[in-house]
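A closer look at the structure
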Amino acid sequence: MATIFSRIAAGEIPSHKVAEDEEFYAFLDINPVAVGHTLVIPKAEVDYIFDIDDAKLGRMMAFAKRVARAQEAAIPCKRVGLAVMGLEVPHAHIHLIPITKESDMYFGGAKLSLTQDELAEIAARIRKEYK
Ligand code: AMP
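So, here's what we can say about the structure. Please read these numbers as outputs of a predicted model, since none were measured by experiment.

To continue, consider the site of the ligand. In the region of the ligand, 16 residues are neighbours, and D29, E88, V89, H93 and H95 sit closest. A distance of 2.6 Å is found between an oxygen atom of the ligand and a side-chain nitrogen or oxygen belonging to H93. A distance of 2.8 Å separates an oxygen atom of the ligand from a polar atom in the side chain of H95. Protein chains bury 86% of the 510 Å² of accessible surface belonging to the ligand in isolation. When residues of the shell around the ligand are traced back to their parent elements, those giving at least two are α1 (4–9) and β2 (24–28).

Okay, the nonpolar core next. Core analysis: the largest hydrophobic core is formed by 25 residues, its most contacted members being V18, V40, V67 and I126. With seven residues, helix α2 (residues 54–74) is the largest single contributor of residues to this core. With eight residues, the next largest nonpolar core counts F5, I8, F27 and V89 among its residues.

Applying the stated criterion across every chain yields a total of five aromatic pairs. Where F24 meets F63, the ring centres are 5.7 Å apart and the plane angle is 35 degrees; that geometry is what we call tilted. Of this pair, F24 sits in strand β2 while F63 sits in helix α2; the two residues are 39 residues apart in sequence, bridging distant segments of the chain.

Turning to the sheet that holds β2, a few remarks are in order. The five strands are arranged β1-β2-β3-β5-β4 in an open sheet whose pairing can be described as antiparallel. The open sheet terminates on both sides in strands that have one partner only, identified here as β1 (17–20) and β4 (79–83). Taking each pair of neighbouring strands and ignoring which way they run, the sheet shows an average axis angle of 20 degrees. Inspection of the sheet shows β4 paired to strand β5 (residues 94–99) by five bridges, in the antiparallel sense. Bridging from a neighbouring strand, A83 pairs with H95 of β5. Seen against the sheet, helix α3 (residues 116–129) touches β1, β2 and β3 (38–42) and runs at an angle of roughly 30 degrees to β1.

Parameters at a glance
- Residues numbered from 1 in each chain as written.
- Predicted model: local features only at pLDDT ≥ 70, side-chain atom pairs only at ≥ 80, totals over all residues.
- Heavy atoms only, no water.
- Near = heavy atom within 4 Å.
- Polar contact = N/O pair within 3.5 Å; in protein donor to acceptor, adjacent residues only side chain to side chain.
- Areas by Shrake-Rupley, 256 points an atom, 1.4 Å probe, with all protein chains shown as cover.
- Helix = DSSP H or I, 4+ residues; strand = E, 2+ residues; numbered from the N terminus.
- Core = buried A, V, L, I, M, F, W, Y, C linked by side-chain atoms within 4.5 Å.
- Buried < 20%, exposed > 50% of the residue type's maximum accessible area, 1.4 Å probe, protein only.
- Phe/Tyr/Trp six-rings, centres within 6.5 Å; stacked < 30°, edge-to-face > 60°.
- Pairing = 2+ DSSP bridges.
- Axes fitted to C-alpha atoms, helices over the stretch in contact; angles between N-to-C directions.
- Contact = heavy atoms within 4.5 Å.

Next up, the structure:
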């Protein structure tokens, strides 16, 4: 059965898309720890990020870098932090999080409660800066 993230990349489940190319898809995390919290996934299903072959992992990181540049331009922050856990969804994903302080990347606490309209507006802002 396809993972929820495969279904998002295929457009079967709605998401707030930030960017995409042939191999990768970026969209807002539905329970963000910070404004602009984005997930980058490979369209082809793989659970564990370190099972991705070196060349593709390099392309995934280059794609994430372009997304991060767009986040930096769109969201007030000091830099974009990167995390990989994958304990919840068995489809490799990189968390890209605009941060100004260390605690902005704390995953164990309360998440931001943003409306769908707010998420749509944030995604549009990042999308506009994606090159
Ligand atoms: P983890 O697998 O531990 O890296 O966490 C999975 C992340 O995916 C969490 O931050 C969730 O909020 C996020 N997530 C789960 N389902 C969705 C969804 N349908 N759309 C966007 N983000 C999601």
